[in-house]
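Coordinate inspection notes
Next come the chains, spelled out residue by residue.
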Amino acid sequence: MKAQQLARAKQQALWCLLIAAALFIATTVLEYVFPYASWSSMNAFFKMVSEAALVGGLADWFAVTALFKPIPARYPIAHTNIVAANKQRIAANLADFVKEKFFNPPAIKALVQQSHPAEHLSQWLQQPANAARSAKFISDAGAGALNMVSDATVQDVLTASAKKLLAKLDMRPFAGGTLRVLTKEGRHQQILDQLIAQAATLLERPASQAFMAEKLHQWLRTEYRRLEKILPTQWISEQGAQVATKAIVSTIADINADPQHPLRQSFDRYIQRLIHQIEHDEDTGRKLSQWQHAMLENQPLHEYMGHILKDVRVFLQQDLAKPDSHARHHIQTMLKDFGQAIAQRPELTRTINTAIENSAAYLGPQVSDFLTRHIKTTIENWDDQEMAEQIELNIGKDLQKVRINGTLVGGLIGGILFGLEGVIDVVVSAS
């Protein structure tokens, strides 16, 4: 299609040039055959117009052709076949242009800001067909990853890599840092509140009190057999269980009501002491290291974890293979809900847009290095003549219009010059 358009444009430019040449030849012949004819001035006008058109057309033909071909073909003059001769420089300049104008951080940020990606993502995800298509893509990718992990060789490599990484991991800063995060801003006290509240609820259950009474009754029968014959040990056990429960529940209530309770403070001190021991005590560090290596060398544990992971993997693979996959349905629902959440929460929209802007501005220069290097290498690997032909194929049609315009503008200038010459001749004759 492009080749046909280029050929047609070349024919149009050539016809313009041939018409100018024919007109020039005809007017020149008429000038010599009929030098004193009454219409000689008109003939001179058309001769000058055609001559100027011919010069303009030929000049533009040379300029356009010199871009893509050597002139003449065998012994070309300088500054012809420009595209092929400057392939290296064109490749470098084009790569630099793309990098500077399209992949600089300000330009990328401006593009992301104008496109409002979060809003478009929200509208797109809220359409059921799009959410279903995305969920299918995610589930298919997950199934592919699971199939790859099913390979024994891949499992061996992953297991060896994980063990090597864990063996190099220093447990002391990891464990100490984890505890610091868990205890930051009194989070451990919140966990303690939940634990003791659950403990109080558990103790107040009739089944728990019956269990305590039974254990107390067994203790009395074992340790004090003679008292069992003269005292109601069953009743004493039940009352003892109730008293113990009330005492424990009362203590728990005191702990819950008092943020500065001694037990809370003791718990704080214990946690801080534990963190200090983990981070600074050599003996504790050795124990953690021994525990770490024991876990890494525990073959039954590895086999147990391997069986669990295998069962989970098989379950997911079987589910994802079904047309009505539960996992795929949950992913689809999650994507739709996420799209609705973006639409309903402006702060989430702003956060996503900002994150995309910053990510694009960061990744743009990184990606540009690869793309510009690819552009430069690709152009440099092209055949010189092939490159010239490809560029001419894409922009040659417009350049042929330059040839046509050169012919027409040249003729117009010739007509204007003829008119100026006539005016000057009249003025000189009158003076």
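Note that the structure is a prediction, hence the values are computed from the model and not measured.

With that settled, the discussion passes to the overall build of the chain. Within the chain, the secondary structure is distributed over 19 helices and zero strands. Computed over the C-alpha atoms, the radius of gyration of the chain is 45 Å, more than 25% above the 22 Å expected from 2.2 N^0.38 for a compact globule of 431 residues. Oriented by its inertia axes, the alpha-carbon framework of the chain measures out at about 160 × 50 × 50 Å. A buried classification covers 26% of the 431 residues belonging to the chain. Looking at the chain alone, contacts between residues at least 24 apart form 72% of all its contacts between residues at least 6 apart. The averaged location of the 42 negative side-chain charges in the chain is 4 Å from the averaged location of its 44 positive side-chain charges.

With that out of the way, let us pick up the packing of aromatic side chains. Taken as a whole, this structure holds two aromatic pairs when the rule is applied. Seen in terms of ring centroids, Phe 45 and Phe 46 are 5.4 Å apart; in terms of plane orientation they differ by 70°. Their pairing is edge-to-face. A relative accessible area of 27% places Phe 45 in the partly exposed class. Classification of Phe 46 as partly exposed rests on a relative accessible area of 37%. Centroid distance Phe 45 to Phe 418: 5.5 Å. Interplanar angle 70°. Geometry classified as edge-to-face. Highlighted residues: Phe 45 in helix α2 (residues 40-68) and Phe 418 in helix α19 (residues 384-430), separated in sequence by 373 residues. The structure contains a cluster of three or more aromatic residues connected by ring pairs, namely Phe 45, Phe 46 and Phe 418.

Moving on to the side chain of Asp 319. Position of Asp 319 relative to the elements: it lies in helix α16 (residues 299-320). The buried charged residue Asp 319 lacks any salt bridge, with Lys 322 as its nearest oppositely charged partner at 5.0 Å. Setting aside anything within four residues of it in sequence, one finds Asp 319 in contact with Ser 325, His 326 and Ala 327.

It is the contact of helix α6 (residues 117-125) with helix α17 (residues 326-344), at a shortest axis distance of 8 Å, that shows an interaxial angle of 135°. Comparing the axis directions of α6 and α17 gives the class oblique. Seen along the crossing, α6 lies across α17 with a hand that is left-handed. Contacts between α6 and α17 involve Ala 118, Leu 121, Ser 122 and Leu 125 on the former and, on the latter, Leu 335, Lys 336, Phe 338, Gly 339, Ile 342 and Ala 343.

Moving on to the layout of surface pockets. Of the volumes computed, that of the largest pocket is approximately 820 Å³. Lining the largest pocket we find 23 residues, and of these Thr 159, His 302, Met 305, Gly 306 and Leu 309 sit closest to its centre. Among the elements of the structure, α8 (152-168), α9 (171-183), α15 (282-296) and α16 are those that each provide at least two residues to the lining of the largest pocket. Looking at the lining of the largest pocket element by element, the count peaks at eight residues for α16. Looking at the lining of the largest pocket residue by residue, the classes come out as 13 nonpolar, six polar and four charged.

On to the nonpolar core. Membership of the largest hydrophobic core is limited to eight residues, which are Val 64, Phe 68, Val 83, Ala 91, Ile 379, Met 387, Ala 388 and Leu 399. Among the secondary structure elements, those contributing two or more residues to this core are α2 and α19. At three residues, the largest contribution of residues to this core is made by α19. Among residues more than four places away in sequence, those in contact with Val 83 are Leu 67, Phe 68, Ile 90, Met 387, Ala 388 and Ile 391. Counting residues in each nonpolar core, the second largest holds seven residues, with Met 171, Ala 175, Leu 179 and Ile 271 among its members.

Next up on the list: the UniProt feature "transmembrane region" (unreviewed entry) in the chain. The UniProt record annotates "transmembrane region" (unreviewed entry) at residues 12-33. As annotated, residues 12-33 has a helix share of 100% and a strand share of 0%, and its two end C-alpha atoms lie 31 Å apart.

Moving on, we come to a nonpolar patch on the surface. Among the surface-exposed residues, Leu 23, Ile 25, Val 29, Leu 30, Tyr 32, Val 33, Phe 34, Trp 39, Met 42 and Phe 46 lie close enough to one another that they form a single nonpolar patch of about 980 Å² accessible area. Where the nonpolar patch is concerned, the elements lending two or more residues are α1 (2-33) and α2. Counting residues per element, the nonpolar patch draws most heavily on α1, which supplies six residues. Mapped onto the secondary structure, Leu 30 falls in helix α1. The exposure class of Leu 30 is partly exposed, given its relative accessible area of 33%.

This paragraph deals with the environment of Ser 40. Following the sequence through the fold, Ser 40 ends up in helix α2. In this structure Ser 40 comes out as partly exposed when scored by relative accessible area, which is 29%. Measuring from C-alpha to C-alpha, the distance between Ser 40 and Leu 30 comes to 8.4 Å, with ten residues separating the pair along the chain.

Conventions used here
- Along each chain, residues carry numbers from 1 onward, in the same order as the chain's sequence is written.
- Restriction of local features to residues with pLDDT of at least 70 applies here, the model being predicted, together with a cutoff of 80 or more for giving and counting side-chain atom pairs; totals for whole chains, interfaces and linings are based on all residues.
- The side-chain values count all of the structure's non-hydrogen atoms but skip hydrogen atoms and water molecules.
- Per the convention used, a helix needs a DSSP run of H or I reaching at least four residues, while a strand needs a run of E reaching at least two, with both numbered from the N terminus.
- For a compact globule the rule gives 2.2 Å times the number of residues to the power 0.38, and the radius of gyration it is set against comes from C-alpha atoms.
- Per-residue accessibility, obtained with a 1.4 Å probe over protein chains only, is compared with the maximum for each type, and a residue is labelled buried under 20%, exposed over 50%, and partly exposed between these values.
- In what follows, a contact means two residues having at least one pair of non-hydrogen atoms within 4.5 Å.
- In summary, the charge assignment counts Lys and Arg as positive and Asp and Glu as negative, without counting His or the chain termini.
- To locate a charge, take atom NZ for lysine, CZ for arginine, CG for aspartate or CD for glutamate.
- In summary, the pairing rule links any two rings of Phe, Tyr or Trp, Trp by its six-membered ring, whose centres are within 6.5 Å, and it sorts them by plane angle into stacked for under 30 degrees, edge-to-face for over 60 and tilted for everything else.
- Here a salt bridge means any side-chain nitrogen of Lys or Arg lying within 4 Å of a carboxyl oxygen belonging to Asp or Glu.
- Only the stretch in contact is used when a helix axis is fitted, and all axes are lines through C-alpha atoms; the angle between N-to-C directions ranges over 0 to 180 degrees.
- Orientation is classified from the angle alone, with under 35 degrees giving roughly parallel, over 145 giving roughly antiparallel, 65 to 115 giving roughly perpendicular, and any other angle giving oblique.
- Each crossing gets its hand from how the near helix is turned against the far one by less than a right angle, where anticlockwise is left-handed and clockwise is right-handed.
- Here a cavity is any set of points on a 1 Å grid over the protein atoms alone where a 1.4 Å probe fits but cannot get out, and a pocket is any open set with protein on both sides within 12 Å along at least 5 of 7 lines; a residue lines the site when it has an atom within 4 Å of a point.
- Grid points are joined across faces, edges and corners, and a volume is the space filled by probe spheres set on the points.
- For this classification, the nonpolar set comprises Ala, Val, Leu, Ile, Met, Phe, Trp, Tyr, Cys and Pro, the charged set comprises Asp, Glu, Lys and Arg, and every other residue, Gly included, is treated as polar.
- By convention a nonpolar core is built from buried Ala, Val, Leu, Ile, Met, Phe, Trp, Tyr and Cys residues, the set being connected through side-chain atoms within 4.5 Å.
- UniProt positions are given in the numbering used here, feature names are shortened, and annotations may be inferred rather than shown by experiment.
- Each patch groups residues whose relative accessible area exceeds 30% and which form no salt bridge, using 9 Å between like charges and 5 Å between nonpolar side chains of Val, Leu, Ile, Met, Phe, Trp and Tyr.
- Using a 1.4 Å probe, the Shrake-Rupley method yields the accessible areas, and only the shown protein chains count as cover for residues.

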